[in-house]
Amino acid sequence: MHLARRTRRTALAAASAAALAAAGVVAVAAPAGAAPDPVRYVALGDSYSAGSGILPPDPDAPLACLRTTLNYPHFVADRLGADLVDVTCGAAQTKDLGKAQYPGVGPQLDAVTEDADLVTLTIGGNDNSTFIGALLACGSAGAVTAGRGNPCERTYGDRFTDQVEESTYPAVRQALEDIKARAPHADVAILGYPWIVPAEKGCFSKLPVAAGDVPYLRDLQATLNGVIERAADEAGATFVDLAERSEGRDACAPAGERWVEPLLFGTNVVPVHPNARGESAMADAALDALGY
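The following paragraphs examine the structure supplied in this document. Not measured: the values here are computed from a predicted model.

### Here we look at the pairing of strand S1 (residues 40–43)
Bridge count for S1 against strand S2 (residues 83–86) is four bridges, and the pairing is parallel. What sits directly across from Ala43, in S2, is Asp86.

In structure tokens form, the structure reads like this:
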């Protein structure tokens, strides 16, 4: 853990000062009880990291990134007293970590340097248009059947989960390996996605997906979180599991309880994304998983 690493740095500095003194070299000692350097924290990722749709917007962010000051990286930084470099950006895919996502929005990995103490991210949901593609497909199918049956599952079958297993998984693993290579001493944590839909039934008036397709979408999200966890384990990163914490706080939950806003009648500018309550809870989960 990096707090321990800082303690070792302090001890090394004290030993160096003693050696200089023994050699007759005058050294300027740090004041007794001086505070350690703040954690250098780099936040990467997509709209679930950026908090897209939550007000107020981050004045330092490119407009296209739809970043807020109430995203989980800001909550984490505030709770740690960390120096935050936040390059999260809405709609980011894993490929956007290594290349420019928009004109003037450089590769997110450029922010990851050797002196980083902590790196967090949420990524993978936009690869293959997993979230938006499945939601649009299932929403359209549900509208045709007025919310009955499982038309989306019958039409698309394993298409979305196969894409996640075959394409998203290796991309996330490579992204984590790239981060570890750039910041070998940093704690790296990748967050899973909080539940968007409940285990069954759904809420057709707010999230127009047929009742039988709610478990289908839930399984897709479980598959995505599963490959992210597997990639984290293989890359030596920390996986932040939000499944248990976000149970019952999906987009169909009451307004005062949900962490993710629905497609209709929600409070966010960008629907089907975490609200500020959800972002704060994601920060808590990350800090707990890291042991900070």
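### Focus on the environment of Leu136
Looking at the secondary structure, you find Leu136 in helix H4 (residues 130–144). Placed 16 residues apart in sequence, Leu136 and Cys152 show a C-alpha to C-alpha distance of 9.9 Å.

### Things to note about a nonpolar patch on the surface
Together, Leu263, Leu264 and Phe265 make up an exposed nonpolar region whose accessible area comes to about 320 Å². Among the structural elements, Leu263 can be located in the loop between helix H8 (243–246) and helix H9 (276–290). Leu263 gets classed as partly exposed once you look at its relative accessible area, which sits at 42%.

### Topic: the packing of H4 against helix H7 (residues 214–235)
At a minimum axis separation of 11 Å, H4 and H7 run at an interaxial angle of 170°. As summarised for this structure, H4 and H7 are arranged roughly antiparallel, according to the angle between their axes. Contacts from Thr130, Phe131, Ala134, Leu135 and Cys138 of H4 reach H7 at Tyr216, Leu217, Leu220 and Leu224. Classifying every residue of the contact of H4 with H7 by side-chain character gives eight nonpolar, one polar and no charged.

### Examining the environment of Asn275
Structurally, the position occupied by Asn275 is in the loop between H8 and H9. In this structure, the C-alpha to C-alpha distance between Asn275 and Tyr48, residues 227 residues apart in sequence, is 9.5 Å. Setting aside chain neighbours within four positions, we find Asn275 in contact with Ile54, Arg258, Trp259, Val260, Glu261 and Asn268. Engagement of the side chain of Asn275 in a polar contact is seen with the backbone nitrogen of Gly278, the distance being 2.8 Å.

### Topic: the side chain of Thr161
If you trace the backbone, Thr161 turns up in helix H6 (residues 159–182). Thr161 gets classed as buried once you look at its relative accessible area, which sits at 15%. Side-chain polar atoms of Thr161 contact the backbone oxygen of Asp158, separated by 3.2 Å. In this structure Thr161 touches Asp219, Leu220 and Thr223, once residues within four positions along its chain are discounted.

### Considerations on the state of the cysteines
Inspection of the entire model under this criterion finds three disulfides. Shown here is the disulfide that connects Cys65 with Cys89, its sulfur atoms set 2.0 Å apart. Here Cys65 and Cys89 share a disulfide; its torsion about the S-S bond, -85°, makes the bridge left-handed. Of this pair, Cys65 sits in the loop between helix H2 (47–50) and helix H3 (72–80) while Cys89 is found in the loop between S2 and strand S3 (118–121), placing the two residues 24 residues apart along the sequence. The buried category is assigned to Cys65, whose relative accessible area is 1%. Residue class for Cys89 comes out buried when judged on its relative accessible area of 0%. The partner cysteine of Cys138 in its disulfide is Cys152, sulfur to sulfur 2.1 Å. The disulfide joining Cys138 to Cys152 has a torsion of about -75° about its S-S bond and is therefore left-handed.

### Some words on the nonpolar core
Formed by 52 residues in total, the largest nonpolar core has its most connected members in Leu44, Val119, Leu176, Ile179 and Ile190. Only S3, H4, H6, strand S4 (187–191) and H7 provide two or more residues apiece to this core. By residue number, the principal contributor to this core is H7, which donates 10 residues. Excluding anything up to four places from it in sequence, Leu176 contacts Leu121, Val188, Ile190, Ala231, Ala232, Ala235 and Ala237. Grouped together as the second largest cluster of nonpolar side chains are 19 residues, Tyr72, Phe75, Leu118 and Ala189 included.

Basis of the calculations
- Residues numbered from 1 in each chain as written.
- Predicted model: local features only at pLDDT ≥ 70, side-chain atom pairs only at ≥ 80, totals over all residues.
- Heavy atoms only, no water.
- Pairing = 2+ DSSP bridges.
- Helix = DSSP H or I, 4+ residues; strand = E, 2+ residues; numbered from the N terminus.
- Patch = residues over 30% accessible without salt bridge, like charges linked within 9 Å, V, L, I, M, F, W, Y side chains within 5 Å.
- Areas by Shrake-Rupley, 256 points an atom, 1.4 Å probe, with all protein chains shown as cover.
- Salt bridge = Lys/Arg side-chain N within 4 Å of Asp/Glu carboxyl O.
- Buried < 20%, exposed > 50% of the residue type's maximum accessible area, 1.4 Å probe, protein only.
- Axes fitted to C-alpha atoms, helices over the stretch in contact; angles between N-to-C directions.
- Parallel < 35°, antiparallel > 145°, perpendicular 65-115°, else oblique.
- Contact = heavy atoms within 4.5 Å.
- Nonpolar A, V, L, I, M, F, W, Y, C, P; charged D, E, K, R; others polar.
- Polar contact = N/O pair within 3.5 Å; in protein donor to acceptor, adjacent residues only side chain to side chain.
- Disulfide = S-S within 2.5 Å.
- Core = buried A, V, L, I, M, F, W, Y, C linked by side-chain atoms within 4.5 Å.

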